[in-house]
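Residues per chain, in single letters:
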Protein chains: 2
Amino acid sequence: MKINYPAGITPGRPGEPDKAAKHLLSTKNAANRGMDFEADINASCLYYKENDVALITKRPTPINVVKVDYSHGAKITHAYFEKQSTTDYNGVYRGRYLDFEAKETRSRTSFPLSNIAPQQVEHLENVKKHGGFAFFLIHLTVLDETYLLKADYVCDFYRRKPRKSIPFGEISENGFRVKEGYSPRYDFLEAFDRAFK
Amino acid sequence: MKINYPAGITPGRPGEPDKAAKHLLSTKNAANRGMDFEADINASCLYYKENDVALITKRPTPINVVKVDYSHGAKITHAYFEKQSTTDYNGVYRGRYLDFEAKETRSRTSFPLSNIAPQQVEHLENVKKHGGFAFFLIHLTVLDETYLLKADYVCDFYRRKPRKSIPFGEISENGFRVKEGYSPRYDFLEAFDRAFK
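Note that residues are indexed from 1 along each chain, following the sequence as it is written. Written order determines the labels here, with chains lettered from A and ligands numbered from 1. It should be noted that, the model being predicted, local features are given only for residues of pLDDT at least 70 and side-chain atom pairs only at 80 or more, the latter also being counted only at that level, while totals for whole chains, interfaces and linings use all residues. Only hydrogens and water are set aside when side-chain values are computed; all heavy atoms of the structure are taken into account.

Chemist: Can you help me understand the state of the cysteines in this one?
Modeler: Covalent bonding between the sulfur atoms of two cysteines defines a disulfide. Residue and element names in this part refer to chain A. In this description, the term disulfide denotes a pair of cysteine sulfurs within 2.5 Å. Inspection of the entire model under this criterion finds zero disulfides over all chains. Not part of a disulfide, C155 finds its nearest cysteine sulfur in C45, a span of 20 Å. Relative accessible area serves as the criterion here: at 3%, C155 is assigned to the buried category. The rule is simple: take the accessible area with a 1.4 Å probe, protein chains only, and divide by the maximum for that residue type; under 20% is buried, over 50% is exposed, in between is partly exposed.

Okay, here's the thing in structure tokens:
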């Protein structure tokens, strides 16, 4: 298998087919559109950049390089994916520092907190402490709905853990619905404006 | 050769010894202290984080993954380093969005503009447009001096290109000297406060 991963698409975990491969194999309908969520968020960031709305970048996946072969340029021959110790996205919008994580779930009822790493919760709490704006974008694949949830709400739920997952009802009640369209695919800054007015 | 690269130290370009290897080989004196510049900036960011001063993170080096072997976990067996399309560092400090590039030069007279990629100039101009604070940290190895230069100044010099490099005299005249110490190693936020007051 030899795949050049497009920006924002990284190989899956062991035992799972690659996201890229899954995407190529999948038929395009509402139920599996969520698989492209990260790619769609990347495209939305590109739209915002090209239209001078905001500058938001995705942090590259950290990779631990073990071995490099210099015989033909610098070819990495042994390396491992590492866990991101922060969130995937940050940037600047109207002078404000934004920092967020984009997640999707295929669950039919609730968003499992196991999708969020403890260091991401810490990172977002830290962002807030320094005057930044922290949030999650959560895509509910089955409903084909996307919400912006303030980090305050998610981190509080995460710390208290009244349940192991946030029910969809609570997400729609406490979150801000992100409008979908063609360009940008997800206008999450419109939801941001409502959430942090 | 089998090296586990510590955070912030990435292998050099083809034909060059690795930064990590160079560091191990080098004797520690003022003239080659600049080799650790990136590592020292990383340590300074960690100091700022742990002391609740600011939250600044280094973007991981982007790597283009060609082949992954899933037979024992996810082992990357074929990949290449990619050029960062942005700067290396960004973060939040007192509600402000910061974005900067840290560079060092071993030149004896001036900082070569060839150290800066066109997309980094574009990126920093874009940061400014959205209300962020953009700058360079430039370490002059031979003098063992470090300066914060506003992106405005550097990008203007880069666009006009009156010379192919910025003479040290102009750097010290237009820049803000970064104080060195033990912890943080480079107190660049102190220089930031003077530069962007």
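Next comes the rest of the account.
Chemist: Would you mind going over the environment of B:T61 with me for this structure?
Modeler: Positionally, B:T61 belongs in the loop between strand 1 (55-58) and strand 2 (63-69). Placed 22 residues apart in sequence, B:T61 and B:K83 show a C-alpha to C-alpha distance of 7.7 Å. Each helix is a run of H or I in the DSSP string that is no shorter than four residues. Each strand is a run of E no shorter than two, and both are numbered from the N terminus.

Chemist: Teacher, can you tell me more about the interface of chain B and chain A here?
Modeler: One frequent convention defines the size of an interface as the accessible area lost when the parts assemble. What makes two residues a contact is simply this: any of their non-hydrogen atoms within 4.5 Å. Taken together, the contact pairs 52 residues of chain B with 52 residues of chain A. Buried area: the accessible area, evaluated with a 1.4 Å probe, that two parts lose upon being put together, summed over both parts. Both faces considered, chain B and chain A share a buried interface measuring about 4,300 Å² in area, 61% of it formed by carbon and sulfur atoms. Considering only the side of chain B, the residues that lose the most area to chain A are B:Y70, B:I76 and B:H130, jointly responsible for 16% of the buried surface there. Should a side-chain nitrogen of Lys or Arg be within 4 Å of a carboxyl oxygen of Asp or Glu, the pair is scored as a salt bridge. On inspection of chain B and its partner chain A, the count reaches two salt bridges. With its nearest N and O atoms 3.1 Å apart, the salt bridge here joins A:D52 to B:K129.

Chemist: I tried to follow the relation of the copies chain B and chain A on my own but got confused; where do I start?
Modeler: In summary, the two copies of the chain are related to each other by a rotation about an axis coupled with a shift along it. A residue counts toward the fit only if its pLDDT is at least 70 in both copies, and the copies are then superposed by least squares on the C-alpha atoms of those residues. Mapping chain B onto chain A is achieved by rotating through 180° and translating by 0.0 Å along the same axis, at an RMSD of 0.0 Å. Viewed as a symmetry operation, the transformation between the two copies matches a two-fold axis. Both copies contact each other with a shared surface, as 100% of the interface residues of chain B are interface residues in chain A too.

Chemist: Looking at this structure, how should I read helix 6 (residues 188-195) of chain B?
Modeler: When we look at burial in helix 6 of chain B, the residues that qualify are B:F188, B:L189, B:A191, B:F192 and B:A195. Seen along its axis, helix 6 of chain B keeps its buried residues to an arc of 155°; they face one direction. Throughout, the arc means that of the directions going from the helix axis to the C-beta atoms.

Chemist: Looking at this structure, I do not really get the packing of aromatic side chains. What am I missing?
Modeler: For any two aromatic rings, the description comes down to two numbers: the centre-to-centre distance and the angle of the planes. By convention, a stacked pair of Phe, Tyr or Trp rings (six-membered ring in the case of Trp) has centres within 6.5 Å and planes under 30 degrees apart, an edge-to-face pair has planes over 60 apart, and any other such pair is tilted. Counted according to the given criterion, the structure contains 27 aromatic pairs over all chains. Ring plane angle 70° and centroid distance 5.7 Å describe the contact between A:F133 and A:F192, whose orientation is recorded as edge-to-face. Taken together, the positions of A:F133 in strand 7 (residues 133-140) and A:F192 in helix 6 (residues 188-195) put the pair 59 residues apart, joining distant regions of the chain. The exposure class of A:F133 is buried, given its relative accessible area of 19%. Judged by centre distance (4.8 Å) and plane angle (10°), the ring pair of B:F100 and B:F135 falls under stacked. Of this pair, B:F100 sits in strand 5 (residues 96-105) while B:F135 sits in strand 7 (residues 133-140); the two residues are 35 residues apart in sequence, bridging distant segments of the chain. The exposure class assigned to B:F135 is buried, which follows from its relative accessible area of 0%.

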